[in-house]
Amino acid sequence: MRPVAILGAAMTKFGVSEKTNLEMFAEAGLEAIARSRLEPRDMEALFFGNCLGDFEEGQLHMAPFAHAELGLPVSAPATRFESACATATVATRHAALLVGAGVYDVVIAGGTERATKMGTSLATRTFAMASQAQHESAAGITFPGVFAMATHLYAHKYNIPLKDLKRHMAGVAVKNHSHGSMNPKAHFQKKIDIDTVLGGMMVADPLQLFDCCPFSDGAAAVIVADAAKAKDLIKDPVYIAGMGQASCGPLYVQKDLTRVLAREASIAQAYKEAGIGPDDLDVIELHDCFTIAEILALESFGVYGFGKAYDAATKGETTLNGSRVVVNPSGGLKAKGHPIGATGAAQLTEIVEQLRGESGPRQVEGARIGLVDTLGGDLGTVCNIILTNGVN
Amino acid sequence: MEYKLTFNHYQQGLEQGKFLGLKCNACDSVIFPPAAVCRECGSTDLTPTELSGKGAIRTFTVIRVAPEGRKPPYIVAMAELDEGPWALGNLVDMAPEQADMGLLGKRVTLGSHVVKGDTYATDDTHVLTFTLKAP
Ligand SMILES: [Zn+2]
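The structure displayed is predicted, hence computed values, not measured ones.

Once that is clear, we can look at the overall build of chain B. Helix and strand content of chain B: 1 helix and 8 strands. Secondary structure elements in chain B, listed N-terminal to C-terminal, are α-β-β-β-β-β-β-β-β. What you see for chain B is a C-alpha radius of gyration of 16 Å, in line with the 14 Å of a compact globule of 135 residues. The buried share of chain B, taken over its 135 residues, is 47%. Summed over its atoms, the accessible surface of chain B is roughly 6,600 Å², and 49% of this surface lies on carbon and sulfur atoms.

Now the structure itself:
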């Protein structure tokens, strides 16, 4: 594989949008292309993420329409990726694999989602479609339900009183909302406190409203290019140092939900390719779809031992200017929002900006190595991308 | 490669109160619900078998915000069956308000109930249930 760079990266504001999926993707995509000092006609392929367009807008096969919105040449194929919440990360990884293999020199990857259009009831139904249909979603499991079951297992396995665990989980929400308050692109830009989290309505015991990320609308895109050409285009490309992706089956195959086996396999690939380990990470954008999910992720990465990450946020170890590693400076899925088909590209956008020193009040000082972590479905897909700014 | 025990056969078993799975002739592990391949060793040398229908709760949740077409609250749980596999289903003989961490480790008996199909999943489906009291 030849070295691969990310040039421009961009995202729309996340939240509730009146724009169509295609309009949002065009905004993010054209901005990413412009930031790369390129034109749409320079794109050789589109790796397009969208999960639920058929339910949101009655639109299947959205990729060629996104291609037309961006004004890409007919010779550039547009392909849709769907890996539930990990969609855009998986699309970007495949873009990078083909650029690395020399098939393309410059491509665009990303995704768009308009989840709020569906309303909570249909959105909950469609998200549950990413659980195994015959045995699991038929039993009425929901995404909050999956992570709720993981929370009970975690409390039991590590012998932590549920009340204490929930207070520490609330600390994750407080931290990520605090970060989100500094992000003008975030769905929620308001700080919250522990009492707000612990006073929220119950969604799936023991997860309350503020343990959960919102349904959001938004789009994000990145330009992936041959690293040898990147310096000619922009002064500060960010390089892909390592990638990983792994898959696991339904919940009944996974058994102990506190161990995200797909993530453990994915991050091992990414560390190996990058030649780094958990202590080398300066900044992490990880998949905090629920507060417990951030805790599980930090343990899968080896940043913390198993059963040890639950109080990282309350101890101030993962906050901006905290004592260990900055986790979700963008606000994470929790505060920045989670338009599922776009999320991974937005995480990449945050890390690219962090590594360029462009993050303003939420800048992680001196960040050199950043990790993107996106989880799809009920722990069935995990994709990781490690980025570096090439500064030693 | 013929599928040894289809979902349809598994469903017919549930209808008759039987919990049909597969026994791997290569490594002796039990596969439930049925699959094409042994998850432990990859063998396709599998023989249909009937499970005891006993196990213990490993985790649970109470769904309070439900998908379209479902009436919350209800309990979803995972149990470890005596033969080794884990299964997901509905705990049906406890009021959701009573469910707490005390459930973890409790012995349960398997059963099934029918979940009506909806616009997207058109078949009615037998879904596993767990009961704390032996029938
Ligand atoms: Zn076997």
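To continue, consider the coordination of the zinc ion. Tetrahedral coordination by four donors puts the ideal angle at the metal at 109.5 degrees, and octahedral coordination by six puts it at 90 or 180 degrees. Residues and elements named next belong to chain B. Those protein atoms acting as donors to the zinc ion are Cys24 (SG), Cys27 (SG), Cys38 (SG) and Cys41 (SG), and they sit at 2.3 Å. Around the zinc ion, the 4 donor atoms sit at angles spanning 104 to 114°, and that spread fits a shape best called tetrahedral. Spacing between the donor residues of the zinc ion along their common chain follows C-x2-C-x10-C-x2-C. Since its relative accessible area comes to 31%, Cys27 is described here as partly exposed.

To continue, consider the pattern of salt bridges. Residues and elements named next belong to chain A. With the rule as written, the count across this model stands at 24 salt bridges over all chains. The partner of Asp211 in a salt bridge is Lys166, with the nearest N and O atoms 4.0 Å apart. Here Lys166 lies in helix 7 (residues 162–180) and Asp211 lies in the loop between strand 6 (207–208) and strand 7 (217–226), a separation of 45 residues in the sequence. The salt bridge involving Arg259 is made with Glu264; its shortest N-O contact spans 2.6 Å. Salt bridges sharing common partners tie together Arg2, Asp105, Asp226 and Lys229.

What follows deals with the nonpolar core. Residue and element names in this part refer to chain A. Phe147, Leu281, Ile284, Leu298 and Phe301 are the most contacted members of the largest nonpolar core, which has 77 residues in total. For this core, the leading source of residues is helix 6 (residues 143–157), giving 9 residues. Non-local contacts of Phe147, meaning those with residues more than four positions away in its chain, are made with Leu207, Cys289, Phe290, Ile292, Ala293, Leu375 and Leu379.

You'll often see interface size given as the accessible area lost when the parts meet. In this complex, chain A contributes 35 residues to the contact, which on the side of chain B involves 36 residues. At the boundary of chain A with chain B, total buried surface from both sides reaches about 3,000 Å², with 68% on carbon and sulfur atoms. At the boundary of chain A and chain B, one finds 2 salt bridges. For A:Asp205, the salt bridge goes to B:Arg64, with nearest N and O atoms at 2.5 Å. Where chain A meets chain B, there are 13 residue pairs in polar contact (both at pLDDT 80 or more). When contributions to the side of chain A that touches chain B are tallied by element, the ones reaching two or more residues are helix 5 (119–128), helix 6, strand 5 (202–204) and helix 10 (251–254) of chain A.

Glancing now at the packing of aromatic side chains. Residues and elements named next belong to chain A. Under the definition given, this model contains 9 aromatic pairs over all chains. Each ring, one from Tyr154 and one from Tyr158, has its centre 4.7 Å from the other, and the planes form 65°; the classification is edge-to-face. Joined through ring pairs, the aromatic side chains of Phe47, Phe81 and Tyr104 make up one cluster. The residue whose ring lies beneath Arg259 is Phe306, and the NZ or CZ to ring-centre distance is 3.8 Å. Directly above the aromatic system of Tyr304 lies the positively charged group of Arg324, at a separation of 4.1 Å from the ring centroid.

Turning our attention to the environment of A:Ile33. All names here are of chain A. Summarising the element assignment, Ile33 is placed in helix 1 (residues 21–35). Of the residues examined, Ile33 reaches a relative accessible area of 1% and is grouped as buried. C-alpha of Ile33 to C-alpha of Lys235: the two residues are 202 residues apart in sequence and 15 Å apart in space. Other than its neighbours up to four places away in sequence, Ile33 contacts Leu38, Glu39, Pro40, Met43, Ile108 and Ile223.

This brings us to the packing of helix 6 of chain A against helix 7 of chain A. Residues and elements named next belong to chain A. Running from N to C, helix 6 and helix 7 cross one another at 120°; their axes reach a closest spacing of 10 Å. Relative to helix 7, the element helix 6 is oriented oblique. As for how helix 6 packs across helix 7, the hand of that crossing is right-handed. Residues Thr151, His152, Tyr154 and Ala155 of helix 6 form the contact with helix 7, whose own contacting residues are Leu162, Leu165 and Met169.

Moving on: helix 5 of chain A. For an α-helix, 3.6 residues make a turn, and residues three or four places apart therefore share a direction. Residue and element names in this part refer to chain A. Summarising burial for helix 5: 7 of the 10 residues are buried, a large majority. Among the residues of helix 5, Leu122, Ala123, Thr124, Arg125, Thr126, Phe127 and Ala128 are the ones counted as buried. Buried-residue contacts for helix 5 involve helix 2 (53–56) and helix 6.

Residue and element names in this part refer to chain B. Across the sheet, 3 strands lie side by side as 2-1-3; this open sheet has antiparallel pairing. Both edges of this open sheet fall to strand 2 (30–31) and strand 3 (46–51), since each of them pairs with a single strand only. In this structure, strand 1 (residues 19–24) lies alongside strand 2, joined through 2 bridges in antiparallel fashion. Directly across from Lys23, in strand 2, lies its bridge partner Val30.

Take the confidence of the model for chain B next. Scored by pLDDT, chain B comes out at a mean of 96, with 99% of its residues at no less than 70. Both scores are available for the predicted complex, with the pTM at 0.98 and the ipTM at 0.98.

This part covers the sheet that holds strand 11 (residues 369–376) of chain A. All names here are of chain A. One open sheet holds the 10 strands; their spatial order is 3-2-4-7-1-8-12-11-9-10, and the pairing between them is mixed. Lying at the two open borders of the sheet, with one neighbouring strand each, are strand 3 (78–81) and strand 10 (326–327). As judged from the 6 bridges shared by strand 1 (residues 4–11) and strand 7, these two strands associate in the antiparallel manner. Bridging from a neighbouring strand, Ala5 pairs with Ala225 of strand 7.

Reading guide: rules and limits
Each chain carries its own residue numbering, running from 1 in the written order of its sequence. Chains carry letters from A onward and ligands carry numbers from 1 onward, assigned in written order. Reporting in this predicted model follows two pLDDT cut-offs: at least 70 for local features of residues, and 80 or more for side-chain atom pairs to be given and counted; totals over whole chains, interfaces and linings ignore these cut-offs and use all residues. Computation of side-chain values: all heavy atoms of the structure, hydrogens and water removed. Note on conventions: DSSP H or I runs of at least 4 residues are helices, E runs of at least 2 residues are strands, and numbering of each starts at the N terminus. In this description the radius of gyration comes from C-alpha coordinates, and the expected globular size is given by 2.2 Å times residues to the power 0.38. Each residue's exposure class comes from its accessible area (1.4 Å probe, protein chains only) as a fraction of the maximum for that residue type: buried when under 20%, exposed when over 50%, partly exposed otherwise. Working definition of accessibility: Shrake-Rupley area with a 1.4 Å probe, residue cover restricted to the visible protein chains. Because no water is among the atoms considered, metal sites can look incomplete, with donors defined as N, O and S atoms within 2.8 Å of the metal, or 3.2 Å for Na, K and Ca. Any coordination sphere not matching a tetrahedral pattern (four donors, all angles between 85 and 135 degrees) or a square planar or octahedral pattern (four or six donors, opposite donors over 155 degrees apart, other angles between 65 and 115) is reported as irregular. Salt bridges are identified by distance alone: a Lys or Arg side-chain nitrogen within 4 Å of an Asp or Glu carboxyl oxygen. Residues belong to one nonpolar core when they are buried, are Ala, Val, Leu, Ile, Met, Phe, Trp, Tyr or Cys, and are joined through side-chain atoms within 4.5 Å. Every residue pair with non-hydrogen atoms within 4.5 Å of one another is taken to be in contact. Summed over both partners, the accessible area lost on bringing two parts together, with a 1.4 Å probe, is the buried area. Distance and chemistry together define a polar contact, namely a pair of N or O atoms within 3.5 Å, with one atom able to donate a hydrogen and the other to accept it when in protein, and with adjacent residues in sequence counting only for side-chain atoms on both sides. Stacked, edge-to-face and tilted are the three classes for Phe, Tyr and Trp ring pairs, Trp counted by its six-membered ring, which pair at centre distances within 6.5 Å; planes under 30 degrees apart are stacked, over 60 edge-to-face, the rest tilted. Note on geometry: a ring has a charge over it if NZ (lysine) or CZ (arginine) is within 6 Å of the ring centre and within 35 degrees of the ring normal. Simply put, an axis is a line fit to the C-alpha atoms, just over the touching stretch for a helix, and the angle between two N-to-C directions goes from 0 to 180 degrees. Working rule for angles: under 35 degrees goes down as roughly parallel, over 145 as roughly antiparallel, 65 to 115 as roughly perpendicular, anything else as oblique. Two helices that cross are described as forming a left-handed crossing if the nearer one is turned anticlockwise from the farther one by less than a right angle, and a right-handed crossing if clockwise. DSSP calls a pair of strands paired once it identifies at least 2 bridges connecting them. Each residue carries a pLDDT score, the predictor's own confidence in it, on a scale running from 0 to 100.

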